[in-house]
Amino acid sequence: MDLVRCTIATKNARSIYSKDGRLWTRSCTFTACGNANLIGGAICQSTSNQYIEARKDNDTYKELDNNDRMIKYLFVDNCRFDDCMARLGGGIRATVLRNNSIRDSVFNNCQS
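Residues numbered from 1 in each chain as written. Predicted model: local features only at pLDDT ≥ 70, side-chain atom pairs only at ≥ 80, totals over all residues. Heavy atoms only, no water.

Asks: Where do I start with the pattern of salt bridges in this structure?
Replies: It is possible for side chains of opposite charge to pair when their charged atoms get near one another. For the coordinates displayed, the defined rule picks out 3 salt bridges. Residue aspartate 77 is joined to arginine 26 by a salt bridge in which the shortest nitrogen-to-oxygen separation is 3.6 Å. Residue aspartate 77 is found in strand 9 (residues 74-77), and its partner arginine 26 is found in strand 4 (residues 23-26); the two are separated by 51 residues along the sequence. Look at aspartate 77 and you get buried, because its relative accessible area is 4%. (Salt bridge = Lys/Arg side-chain N within 4 Å of Asp/Glu carboxyl O. Helix = DSSP H or I, 4+ residues; strand = E, 2+ residues; numbered from the N terminus. Buried < 20%, exposed > 50% of the residue type's maximum accessible area, 1.4 Å probe, protein only.)

Below you can see the structure in the form of structure tokens.
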């Protein structure tokens, strides 16, 4: 799933739940997402197996393991998270994070 230039505000709900897929967000704003009982206030990315295509900026690239399987993970670039709340991961809860999975992003008053 790709989200670009989105503004998302929720009340007592998570914005995005991604299961076993690539999640790429760029230039998005998440406001007041989640509640104290959720896992992942704005974003929850759950992966039972970590292989799929990854995407960065406008160029597509692949990270492969030794068996030529593609690695999947969360990628967040230039996003803002304000007043998000969850039991685990006020702004983001992710199963697989890699180097630079989250970059140039702001977390303001997110709580877990």
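What follows continues from the structure just given.
Asks: How do you make sense of the packing of aromatic side chains when you look at a structure like this?
Replies: Each aromatic ring pair is described using two quantities: the centre-to-centre distance and the angle formed by the ring planes. Here the structure, examined in full by the defined rule, presents 2 aromatic pairs. Between the aromatic rings of phenylalanine 30 and phenylalanine 81, the centroid separation amounts to 4.9 Å while the plane-to-plane angle is 5°, which identifies the pairing as stacked. Remark: phenylalanine 81 occurs in strand 10 (residues 80-82) and phenylalanine 30 occurs in strand 5 (residues 29-31); sequence separation between them is 51 residues. Take phenylalanine 81: its relative accessible area is 0%, and that puts it in the buried class. A centroid spacing of 4.6 Å and a plane angle of 5° characterise the contact between phenylalanine 81 and phenylalanine 107, whose relative ring orientation is stacked. Taken together, the positions of phenylalanine 81 in strand 10 and phenylalanine 107 in strand 13 (residues 106-108) put the pair 26 residues apart, joining distant regions of the chain. Residue phenylalanine 107 is classed as partly exposed on the basis of its relative accessible area, which comes to 40%. (Phe/Tyr/Trp six-rings, centres within 6.5 Å; stacked < 30°, edge-to-face > 60°.)

Asks: Help me understand the sheet that holds strand 1 (residues 2-4) in this model?
Replies: Within a sheet, neighbouring strands are paired by backbone hydrogen bonds and run either parallel or antiparallel to one another. One open sheet accounts for 4 strands, arranged 1-4-9-12; its pairing is parallel. If you trace the sheet from one side to the other, it starts and ends with strand 1 and strand 12 (102-103), each paired once. Bridging between strand 9 and strand 12 involves 2 bridges; their strand directions are parallel. Along strand 12, the bridge assignment pairs aspartate 77 with arginine 103. (Pairing = 2+ DSSP bridges.)

Asks: Can you help me understand unusual backbone geometry in this one?
Replies: Even without glycine at this site, asparagine 12 takes up a positive phi of about 55°. Positionally, asparagine 12 belongs in the loop between strand 2 (7-9) and strand 3 (16-19). Overall, the relative accessible area of 53% leaves asparagine 12 in the exposed class. A positive phi angle is found at asparagine 78, which is not glycine, with a value near 55°. Along the polypeptide, asparagine 78 turns up in the loop between strand 9 and strand 10.

Asks: Please explain the sheet that holds strand 6 (residues 43-46) as it appears in this structure.
Replies: Pairing in this open sheet of 3 strands is parallel, and the strands run 3-6-11 from one edge to the other. Among the strands making up the open sheet, the edge pair consists of strand 3 and strand 11 (92-94). In this sheet, adjacent strand axes meet at a mean angle of 5° when their direction is disregarded. The pairing of strand 3 with strand 6 spans 4 bridges and is classified as parallel. Looking across to strand 6, one finds that serine 18 is bridged to glutamine 45. (Axes fitted to C-alpha atoms, helices over the stretch in contact; angles between N-to-C directions.)

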